[in-house]
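Tertiary structure, described
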Amino acid sequence: MADPTLDDLRRYAVARTLFPPTTLLRAIRRLGFVQADPIRAPARAQDLTLRHRVKDYRAGDLESRYTKLAIEEDCLVNYGFLPREHLALMHPRQARRAWDAATRRQAEDVLAFVRERGRVHPREVEQHFAHGSVKNYWGGSSNASTRLLDGLHYRGLLRVALRQSGTRLYETVAHIPADDSAAARAQRAAALIELVVRKYAPLPAASLTYLVRLLGYGAPHLATQTQAALKLAREELANCRIDGSTWYWPADENPASRKHAPDTAVRLLAPFDPLVWDRRRFALLWGWTYKFEAYTPAPKRQFGYYALPLLWHERVIGWANVTNAVGGLQANFGYADAKPRDAAFRAALDDELQGMTQFLAGR
């Protein structure tokens, strides 16, 4: 089989992640993981990601249907939603930093409180314990009770039972003890790498290495094993070299297959959509640099507060900032090169904006 071209990789990257819309659970299982983000502009990233992959998906469906599906909020390479069966690859999770004695006692008290109540809102914990505030990672202050709940969740002692108006409610959970043998740990590490490769392929070599490093968030206790599994993966994955970059993808897939022909739709993607999440790959595939600027001071923004990458055929050609205003949907566009002028693009863009309007209307 001849090596694929960069054009082949573009088509392949689009086709393998923008599969035909299916049910919500099947889409999450197909993706393996859906990154979450609290910003709603015009909808949360998880909803924007799922709208292209789930039949008749509406903003908020994931939150409203969460309790009925075999999915969990948890960590992988970052925070999001994943099929429940993947938890066994990471739990019981061992945090990199152990709590000091005082924090551990507080956490044990909170865990006992949640166990007694059955399900709690963070406000209940704060009202009962009055933990006060702590300095957060960005230099500001955070609610100490919320931090304790987050820490218990991360360590696999609590799970997110549901959300109320975006706030996580917690309940206790017990994970099945993991086989701690060397062979079992190696198998879990290899499965985690397969999971992220199947989500983000095709991957340039540097991105593959970066993703495996990010697995230190979801499985910090398997860091040695994931590094060893990465060496094996480089040997087992299919690969080619294009313009000085080595690319990897699952050995049972063919990037040059004719089945990856692009459709004619225009799509507005979430900033964390698997198609555009990897900024290194983005630049290699589409020849320009996209930036997520929600946390960039307004005067320094090039793309806007929450720019949604704009996909047409097999190319990301620009971006849009979309607001769901009282008078209807408003979208401001920018383009990496010239705006397409043909009627087919205008019609496809109109269809996408109509679809976005329906998606934002909810149920």
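Preceding this section is the structure that the text describes.
Description of the overall build of the chain
- Per the secondary structure count, the chain includes 12 helices and 14 strands.
- Taken over C-alpha atoms, the radius of gyration comes to 22 Å for the chain, in line with the 21 Å a tight globule of 363 residues would show.
- A principal-axis box enclosing the C-alpha atoms of the chain has dimensions of 65 × 55 × 40 Å.
- Considering only intrachain contacts with a sequence separation of at least 6, the fraction spanning at least 24 residues in the chain is 63%.
- Element-wise, carbon and sulfur atoms account for 49% of the exposed surface of the chain, whose accessible area totals about 17,800 Å².
- Averaging the coordinates of the 52 positive side-chain charges in the chain and doing the same for the 38 negative ones gives two points 2 Å apart.

Section: the pairing of strand β13 (residues 315-325)
- Note: strand β12 (residues 308-312) against β13, 5 bridges, orientation antiparallel. When the sheet's bridge partners are listed, W312 is paired in β13 with R315.
- Here β12 hands over to β13 after 2 residues, with H313 in that stretch at a positive phi of 55 degrees.
- Note that β13 and strand β14 (residues 328-335) share 8 bridges and pair antiparallel. Bridge assignment links N324 to a residue of β14, and that residue is L329.
- Counted along the chain from β13 to the antiparallel partner β14, the turn is 2 residues long.

Some words on the nonpolar core
- L50, L76, L275 and Y306 are the most contacted members of the largest nonpolar core, which totals 109 residues.
- Sorting elements by how many residues they give to this core places helix α8 (residues 182-200) first, with 7 residues.
- Dropping the residues within four chain positions of it, L76 is found in contact with F33, M90, L192, L195, V196, L214, L215, Y217 and G218.

A few points about the pattern of salt bridges
- Applying the stated criterion across every chain, the model contains 24 salt bridges.
- Its salt-bridge partner being R119, residue E171 comes within 3.3 Å of it at the nearest N-O pair. Taken as a pair, E171 in strand β7 (residues 167-172) and R119 in the loop between α5 (101-117) and α6 (122-129) lie far apart in primary sequence, 52 residues in all.

With respect to the packing of α8 against helix α10 (residues 223-236)
- Axis separation between α8 and α10 bottoms out at 8 Å; the angle between their running directions is 60 degrees. When the interaxial angle is binned, α8 and α10 end up oblique. Crossing hand, α8 versus α10: right-handed. On α10, the residues that touch R185, A186, A189, A190 and I193 of α8 are Q225, T226, A229, L230 and A233.

Thoughts on the packing of helix α1 (residues 6-17) against helix α11 (residues 279-286)
- The N-to-C vectors of α1 and α11 enclose an angle of 130 degrees; their axes lie 9 Å apart at closest approach. Compared by their axis directions, α1 and α11 come out oblique. For the pair α1 and α11, the crossing hand works out as left-handed. Contacts from L6, L9, R10, A13 and V14 of α1 reach α11 at R281, L284, L285 and W286.
- Class assignment for the residues of the contact of α1 with α11 results in 7 nonpolar, no polar and 2 charged.

Some details on the environment of P250
- With respect to the helices and strands, the residue P250 is situated in the loop between β10 (245-249) and β11 (266-268).
- When its relative accessible area of 3% is taken as the criterion, P250 is described as buried.
- Linking P250 and A201, residues 49 residues apart in sequence, is a C-alpha distance of 7.5 Å.
- P250 has contacts with Y12, R16, V197, R198, A201, L237 and A238, leaving out every residue within four places of it along the chain.

Regarding the sheet that holds β10
- If you trace the 3 strands from one edge of the open sheet to the other, you get β8-β10-β9, paired in antiparallel fashion. Strands at the two margins of the open sheet, each flanked by one partner only, are β8 (203-204) and β9 (238-242).
- Contacting β8 and β10, α11 crosses the sheet at an angle of about 110 degrees to β10.

Focus on α10
- In a regular helix each residue adds 1.5 Å, so 14 residues correspond to 20 Å; α10 covers 20 Å between its end C-alpha atoms and thus fits that length.
- Restricting attention to buried positions, one finds in α10 the residues Q225, T226, A229, L230 and A233.
- On its buried face, α10 sits against α8 and α9 (205-218).

Conventions used here
- Residues numbered from 1 in each chain as written.
- Predicted model: local features only at pLDDT ≥ 70, side-chain atom pairs only at ≥ 80, totals over all residues.
- Heavy atoms only, no water.
- Helix = DSSP H or I, 4+ residues; strand = E, 2+ residues; numbered from the N terminus.
- Rg over C-alpha atoms; globule rule 2.2 N^0.38 Å.
- Contact = heavy atoms within 4.5 Å.
- Areas by Shrake-Rupley, 256 points an atom, 1.4 Å probe, with all protein chains shown as cover.
- Lys, Arg positive; Asp, Glu negative; His and termini not counted.
- Charge placed at Lys NZ, Arg CZ, Asp CG, Glu CD.
- Pairing = 2+ DSSP bridges.
- Core = buried A, V, L, I, M, F, W, Y, C linked by side-chain atoms within 4.5 Å.
- Buried < 20%, exposed > 50% of the residue type's maximum accessible area, 1.4 Å probe, protein only.
- Salt bridge = Lys/Arg side-chain N within 4 Å of Asp/Glu carboxyl O.
- Axes fitted to C-alpha atoms, helices over the stretch in contact; angles between N-to-C directions.
- Parallel < 35°, antiparallel > 145°, perpendicular 65-115°, else oblique.
- Left-handed = near helix turned anticlockwise from the far one by under 90°.
- Nonpolar A, V, L, I, M, F, W, Y, C, P; charged D, E, K, R; others polar.
- Expected span 1.5 Å × (residues − 1).

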